[in-house]
Amino acid sequence: MKDVKKSFKNRKFKMGGYQTLVMVIVIVLVVVLNLIVNKMNISVDLSSDKKYTLTEDTKKLAQGIKDKVKLYYMCQEGNQQSVIEKVLEQYNGLGNIEVVDKDPVVYPNFSKQFTDEEIQDNDVIVVNETKDKKRLVSATKMLVQDMDYMTGGYTNTLDAEGQITAALQIVTSDNTNKLYYTSGHGEGEIGSSFQEILDKSNIDSAELATASAKSVPEDCRILLINGPVYDFNEEEYNLLSEYFKNGGKAMIYINALPEKEMTNFYKLLADYGVNVAEGFVLDAEGAISQQNPTAFVGNAKEHEIMEELTESAPVIVQGTKGLTVQSDVRSTLTVDPLLTTTDSAFSKTNEKATTLEKEDKDISGPFAVAAAITDVYAENTQGQGKATKIVLFASSNFNADTYISSNQFGNRSVVLKSATWLTGGETANLAIPTRSLNMETVMIQEGDRVFFTVVLVVILPLVLLAAGFVIWFRRRKN
């Protein structure tokens, strides 16, 4: 019995008691801390591109909203997409914004007061109760899967913030920009990705049949000429000239292989300092593939439209005319190349040629393949903001879904920034970047791999073994 009592007083028992007490205290602290964190809904976004953190542009926009706005998260219990849910939570309490969960199974008729479209799980309905304006944000637009045309695989991106913030801008804005697109000349249709950019930029679109129109409508903020293959007649040329002389804004795409001579169309462009070279451009030096020099990476020039381009997202130019800037233009006119070819590029004048090599009649480059044009004549005579602005692309493929459906290529950024430049910055705060949902892999160089292997497998175990031996030897000696 004495030995038992003595064992409770020896050094080993005291040390064990202290260790147990410390472990209990640590466990209690961890449990209490977790309860506090869960109660206060505290979380930290550790993703490399801040997937679940709203940008400062969104916060500034949301906090400035005076109207009462509700974001209805339409999702059946248990079917929530966590990536959308986490982003949506960040809006709750910003300014006058409230996030409300609605289960469409429990409330099957709830969405019908806002939209006639069929609701899917994880859709968001943005409602401005003050102005009675609403906007449906589809889950398929917030979670996007695109083909990677460079690798043949697929990329998964999150665009929840971009789509929701754009919807907020639309339902709280008093003004909507209007784009008119010309028709009657074989123009290309507006693609789904280009339409999505217009929607996201608060731009409505309508058709303009220039052959029967007496003038371009007064509410036209952007005129779109989307790769016509047939020429404008003399009356249409005069109509468009009048529009530009009075400070018109336009986004123009040229078809590299028109069906007929484009005399009036090219004359209109020449009026604003740009000549269109005969044929189509081949640029083997900048080509994506040596087998197809008609598709190449454009060389970006300095301009505010090009500011957000990155090296990881090249601007692709495919099937393009060559543009040359006139050397002697009027004092009110400025032509800034946005994208150019390499010096070795040339324009193939024979559309039926069987060789990709340069021939005698081909036209030597380099060429511009996109340009920003400004004429301040109307601004000087009619007042601030009336300057003529044109963004000209020498390829009608520039805004194809392949190149602007995601941020994989820089084309999307150029189109977005072009709309911003033409409208005077009114769409600038809508260019919220998408976030990648693909797994990020860390590539370790061979030298680093050997170094870490030696440290972790050899050196560290030897250090621990030596330290243990020293401690054992000292205790044994004492």
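A brief structural summary.

Calculation rules
- Just so you know, the residues in each chain are numbered from 1, in the order the chain's sequence is written.
- Given that the model is predicted, a residue must reach a pLDDT of at least 70 before its local features are reported, and side-chain atom pairs must reach 80 or more before they are shown or counted; all residues, however, enter totals for whole chains, interfaces and linings.
- Only hydrogens and water are set aside when side-chain values are computed; all heavy atoms of the structure are taken into account.
- Only when DSSP finds a minimum of two bridges between them are two strands counted as paired.
- The helix and strand labels rest on DSSP assignments: H or I over at least four residues marks a helix, E over at least two residues marks a strand, and numbering proceeds from the N terminus.
- Angular values range over 0 to 180 degrees, each being the angle between N-to-C directions of two axes fitted as lines to C-alpha atoms, with helices fitted over their stretch in contact.
- Only Phe, Tyr and Trp rings take part, Trp by its six-membered ring, and two of them pair if their centres are within 6.5 Å. Stacked means planes under 30 degrees apart, edge-to-face means over 60, and tilted covers everything else.
- Relative accessible area decides the class of each residue, using a 1.4 Å probe on protein chains only: under 20% of the type maximum gives buried, over 50% gives exposed, and in between gives partly exposed.
- Lysine and arginine charges are scored as sitting over a ring when NZ or CZ, respectively, is within 6 Å of the ring centre and within 35 degrees of the ring normal.
- Note that the arc is defined by the directions from the helix axis to the C-beta atoms.
- What makes two residues a contact is simply this: any of their non-hydrogen atoms within 4.5 Å.
- Buried Ala, Val, Leu, Ile, Met, Phe, Trp, Tyr and Cys residues that are joined via side-chain atoms within 4.5 Å together make up what is termed a nonpolar core.
- A 1.4 Å probe that fits but cannot get out identifies a cavity on a 1 Å grid over protein atoms alone, an open set with protein on both sides within 12 Å along at least five of seven lines counts as a pocket, and a residue lines either if it has an atom within 4 Å of a point.
- Grid points are joined across faces, edges and corners, and a volume is the space filled by probe spheres set on the points.
- Angles are sorted into four bins: roughly parallel if under 35 degrees, roughly antiparallel if over 145, roughly perpendicular if 65 to 115, and oblique for all others.
- Crossings are assigned a handedness: left-handed for a near helix turned anticlockwise from the far helix by less than a right angle, right-handed for a clockwise turn.
- When residues are grouped by polarity, Ala, Val, Leu, Ile, Met, Phe, Trp, Tyr, Cys and Pro land in nonpolar, Asp, Glu, Lys and Arg in charged, and all others, Gly among them, in polar.

**Examining the sheet that holds strand 1 (residues 69-74)**
Here's step 1: Taken in spatial order, the four strands of this open sheet run 2-1-3-4, and their pairing is mixed. Only two strands of the sheet have a single partner each, and these edge strands are strand 2 (97-102) and strand 4 (133-137). With strand direction ignored, the average angle separating the axes of adjacent strands in the sheet is 20°.
Here's step 2: Where strand 1 and strand 2 come together, six bridges link them in parallel fashion. Bridge pairing links Lys70 to Glu98 in strand 2.

**Concerning the packing of aromatic side chains**
Here's step 1: This model, assessed by the stated rule, comprises twelve aromatic pairs.
Here's step 2: A centroid spacing of 5.5 Å and a plane angle of 70° characterise the contact between Phe110 and Phe114, whose relative ring orientation is edge-to-face. Of the two residues, Phe110 and Phe114, neither departs from the other in class, the shared state being buried.
Here's step 3: On the basis of an interplanar angle of 65° and a centroid distance of 5.7 Å, the ring pair of Phe244 and Tyr272 is categorised as edge-to-face. Residue Phe244 is located in helix 8 (residues 234-245), and its partner Tyr272 is located in the loop between helix 9 (263-270) and strand 11 (274-276); the two are separated by 28 residues in the primary sequence.
Here's step 4: Relative accessible area serves as the criterion here: at 0%, Phe244 is assigned to the buried category.
Here's step 5: Three or more aromatic residues joined by ring pairs make a cluster, and in this case those are Tyr72, Phe110 and Phe114.
Here's step 6: A cation over a ring is seen here: Lys102 above Tyr107, with NZ or CZ 4.1 Å from the ring centre.
Here's step 7: The ring centre of Trp421 lies 4.8 Å from the NZ or CZ of Lys389, which sits over that ring.

**Digging into helix 9**
Here's step 1: Among the residues of helix 9, Asn264, Phe265, Leu268 and Leu269 are the ones counted as buried. Projected down its long axis, helix 9 shows its buried positions confined to an angular sector of 145°, all on one face.
Here's step 2: Those residues of helix 9 that are buried lie in contact with strand 9 (222-226), helix 8, strand 10 (249-253), strand 11 and strand 22 (388-393).

**Structural notes on the sheet that holds strand 16 (residues 316-318)**
Here's step 1: Here we have three strands laid out as an open sheet, ordered 13-14-16, and antiparallel in their pairing. At either end of the open sheet lies a strand with only one pairing partner, and these are strand 13 (287-289) and strand 16. Taking the axes of each pair of neighbouring strands and ignoring which way they run, one obtains an average angle of 45° across the sheet.
Here's step 2: With two bridges joining them, strand 13 and strand 14 (residues 292-297) adopt antiparallel strand pairing. Along strand 14, the bridge assignment pairs Ala287 with Phe296.

**A word on the nonpolar core**
Side chains that are nonpolar tend, in soluble globular proteins, to be buried together.
Here's step 1: In this structure, Leu223, Phe244 and Ile252 are the most contacted members of the largest nonpolar core, which totals 68 residues.
Here's step 2: When neighbours within four sequence positions are excluded, Leu223 is seen to be in contact with Tyr180, Thr182, Leu208, Leu240, Tyr243, Lys249, Ala250 and Met251.
Here's step 3: Formed by 26 residues, the second largest nonpolar core is a distinct cluster that contains Leu54, Val69, Ile84 and Ala160.

**Thoughts on the layout of surface pockets**
Over the atoms rolls a probe the size of a water molecule, and in doing so it shows where empty space is left.
Here's step 1: By volume, the second largest pocket amounts to about 490 Å³.
Here's step 2: Residue lining of the second largest pocket: 23 residues in total, with Cys220, Asn246, Gly247, Gly248 and Lys249 positioned closest to the centre.
Here's step 3: Listed by contribution, the elements that provide at least two residues to the lining of the second largest pocket are helix 8 and helix 10 (377-382).
Here's step 4: Here the element with the most residues in the lining of the second largest pocket is helix 8; it accounts for three residues.

**Some words on the packing of helix 7 (residues 192-200) against helix 12 (residues 411-422)**
Here's step 1: Running from N to C, helix 7 and helix 12 point in directions that differ by 40°, and their axes come no closer than 11 Å. Comparing their axes, helix 12 and helix 7 come out oblique. Handedness of the crossing formed by helix 7 with helix 12: right-handed. Where helix 7 approaches helix 12, its residues Phe194, Glu196, Ile197 and Lys200 are matched on the opposing element by Arg412, Val415 and Leu416.
Here's step 2: Each residue belonging to the contact of helix 7 with helix 12 can be placed in one class, and the counts come to four nonpolar, no polar and three charged.

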